[in-house]
Amino acid sequence: DTGVSQNPRHKITKRGQNVTFRCDPISEHNRLYWYRQTLGQGPEFLTYFQNEAQLEKSRLLSDRFSAERPKGSFSTLEIQRTEQGDSAMYLCASSYPEGTKGSGYEQYFGPGTRLTVT
Amino acid sequence: GEDVEQSLFLSVREGDSSVINCTYTDSSSTYLYWYKQEPGAGLQLLTYIFSNMDMKQDQRLTVLLNKKDKHLSLRIADTQTGDSAIYFCALRLSGGYQKVTFGTGTKLQVIP
């Protein structure tokens, strides 16, 4: 169990460019989550996948944001036409299926991708 | 919608107990969590409590839940300098939702 990994760890981009982040969850986990954390705030939920199905989306996830998990393993989060307000830490988390290894509700977080839009 | 409030800052002396408080508005919360975030690191789950429990103890950590007042607290006994971090209260609602709502975090400073 190597933990949740995210790449890249840091990304600096110019306004208007597209960026894509990758998350590799813990291998036994079928649930995957994306959060955004701005300075001085707690993480805000963006979206949730169970296997390859995207089951929940926050209204924070504007049409410039798209997330995928095509094979039910790794996930990507793409931001199109980035804006300065998109600058934040993007966190990925994963959890076990319900009913296994305890409650299944504990989310394990990766180290995050820090995005800076200039 | 749900709202989760925490005080921003807490300072304690090494060896003392720390108590970090959290209040929330949505009474349908089912799971309540405490996470720790150190500078440059991801969030680490410390402990969690089900809404049908009043207390949970795990080594130096004690979680108290007052459902009537919608108040959650985390007590850290014998606080060490390594406990200095930001602590987030978080909750998950009933109804099968996976979304977890986080508070703004409490920065704990441990003075040697």
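Heads up: the structure comes first, above all this text.
In what follows, the accompanying structure is described.

Moving on, we get to the overall build of chain B. On a plain count of helices and strands, chain B comes out with 0 helices and 11 strands. Beginning at the N terminus, the succession of helices and strands in chain B can be written as β-β-β-β-β-β-β-β-β-β-β. The C-alpha radius of gyration computed for chain B amounts to 14 Å, which stays within 12% of the reference 13 Å derived for 112 residues, consistent with globular compactness. Projected onto its principal axes, the C-alpha coordinates of chain B cover approximately 45 × 30 × 20 Å. The buried share among the 112 residues of chain B stands at 44%. Of all intrachain contacts in chain B linking residues separated by at least 6 positions in sequence, the fraction that spans at least 24 positions is 55%. For chain B, the computed accessible surface area is about 5400 Å², with 49% contributed by carbon and sulfur atoms. Between the averaged position of the 11 positive side-chain charges in chain B and that of its 12 negative side-chain charges there is a distance of 2 Å.

Take the pattern of salt bridges next. What the rule picks out here adds up to 7 salt bridges over all chains. As a salt-bridge pair, Lys68(B) and Asp69(B) come within 3.8 Å of each other at their nearest N and O atoms. We classify Lys68(B) as exposed; its relative accessible area is 74%. It is possible to trace a salt-bridge network through shared partners that takes in Arg64(A), Glu83(A) and Asp86(A).

A separate point is the interface of chain A and chain B. With 21 residues of chain A at the contact, the number on the chain B side is 20 residues. Carbon and sulfur atoms make up 55% of the area that chain A and chain B hide from each other, which totals about 1600 Å². Across the contact surface, chain A and chain B share 0 salt bridges. Here chain A is connected to chain B by 3 residue pairs in polar contact (both at pLDDT 80 or more). Among the elements of the structure, β4 (31-37) and β5 (44-50) of chain A are those that each provide at least two residues to the side of chain A that touches chain B. The dominant element in the side of chain A that touches chain B, judged by the number of residues it contributes, is β4(A), at 4 residues. Residue composition of the side of chain A that touches chain B, by class: 9 nonpolar, 7 polar and 5 charged.

What follows deals with the packing of aromatic side chains. Residue and element names in this part refer to chain B. Counted under the stated rule, the structure contains 13 aromatic pairs over all chains. On the numbers, 5.4 Å between centres and 75 degrees between planes, the contact of Tyr48 with Phe50 is edge-to-face. Pairing Phe88 with Phe102 gives two aromatic rings, centres 6.3 Å apart and planes at 80 degrees, and the pair type is edge-to-face. Of this pair, Phe88 sits in strand β9 (residues 85-93) while Phe102 sits in strand β10 (residues 100-102); the two residues are 14 residues apart in sequence, bridging distant segments of the chain. Here Phe88 matches Phe102 in class, with each residue buried.

What follows concerns the sheet that holds strand β6 (residues 55-58) of chain B. Residue and element names in this part refer to chain B. With respect to topology, 5 strands assemble into an open sheet ordered β1-β3-β8-β7-β6, the strand pairing being antiparallel. Every interior strand has two partners, whereas the edge strands, β1 (4-6) and β6, have only one. On average, each strand axis in the sheet is inclined to that of its neighbour by 15 degrees, with strand direction left out of account. Sheet analysis places β1 next to strand β3 (residues 18-24), joined by 3 bridges and oriented antiparallel. Note that in β3 the partner of Glu5 across the bridge is Thr23.

Attention shifts here to the sheet that holds strand β3 (residues 19-24) of chain A. Residues and elements named next belong to chain A. Strands sit in the order β1-β3-β8-β7 across an open sheet of 4 strands; the sheet is antiparallel. Looking at the sheet topology across the chains shown, the edges are occupied by β1 (5-7) and β7 (65-68). Strand-to-strand twist of the sheet, defined as the mean angle between neighbouring strand axes without regard to direction, takes the value 15 degrees. Note: β3 against strand β8 (residues 75-79), 5 bridges, orientation antiparallel.

Residues and elements named next belong to chain B. Throughout the structure, instances matching the rule amount to 2 disulfides over all chains. Across the disulfide from Cys22 sits Cys89; the S-S distance is 2.0 Å. Measuring the twist about the S-S bond at about -60 degrees, one finds the Cys22-Cys89 disulfide to be left-handed. Taken together, the residues Cys22 in strand β3 and Cys89 in strand β9 connect sequence positions 67 residues apart. Cys89 gets classed as buried once you look at its relative accessible area, which sits at 0%.

Calculation notes
Residues numbered from 1 in each chain as written. Chains lettered and ligands numbered in written order. Predicted model: local features only at pLDDT ≥ 70, side-chain atom pairs only at ≥ 80, totals over all residues. Heavy atoms only, no water. Helix = DSSP H or I, 4+ residues; strand = E, 2+ residues; numbered from the N terminus. Rg over C-alpha atoms; globule rule 2.2 N^0.38 Å. Buried < 20%, exposed > 50% of the residue type's maximum accessible area, 1.4 Å probe, protein only. Contact = heavy atoms within 4.5 Å. Areas by Shrake-Rupley, 256 points an atom, 1.4 Å probe, with all protein chains shown as cover. Lys, Arg positive; Asp, Glu negative; His and termini not counted. Charge placed at Lys NZ, Arg CZ, Asp CG, Glu CD. Salt bridge = Lys/Arg side-chain N within 4 Å of Asp/Glu carboxyl O. Buried area = accessible area lost by both parts, 1.4 Å probe. Polar contact = N/O pair within 3.5 Å; in protein donor to acceptor, adjacent residues only side chain to side chain. Nonpolar A, V, L, I, M, F, W, Y, C, P; charged D, E, K, R; others polar. Phe/Tyr/Trp six-rings, centres within 6.5 Å; stacked < 30°, edge-to-face > 60°. Pairing = 2+ DSSP bridges. Axes fitted to C-alpha atoms, helices over the stretch in contact; angles between N-to-C directions. Disulfide = S-S within 2.5 Å.

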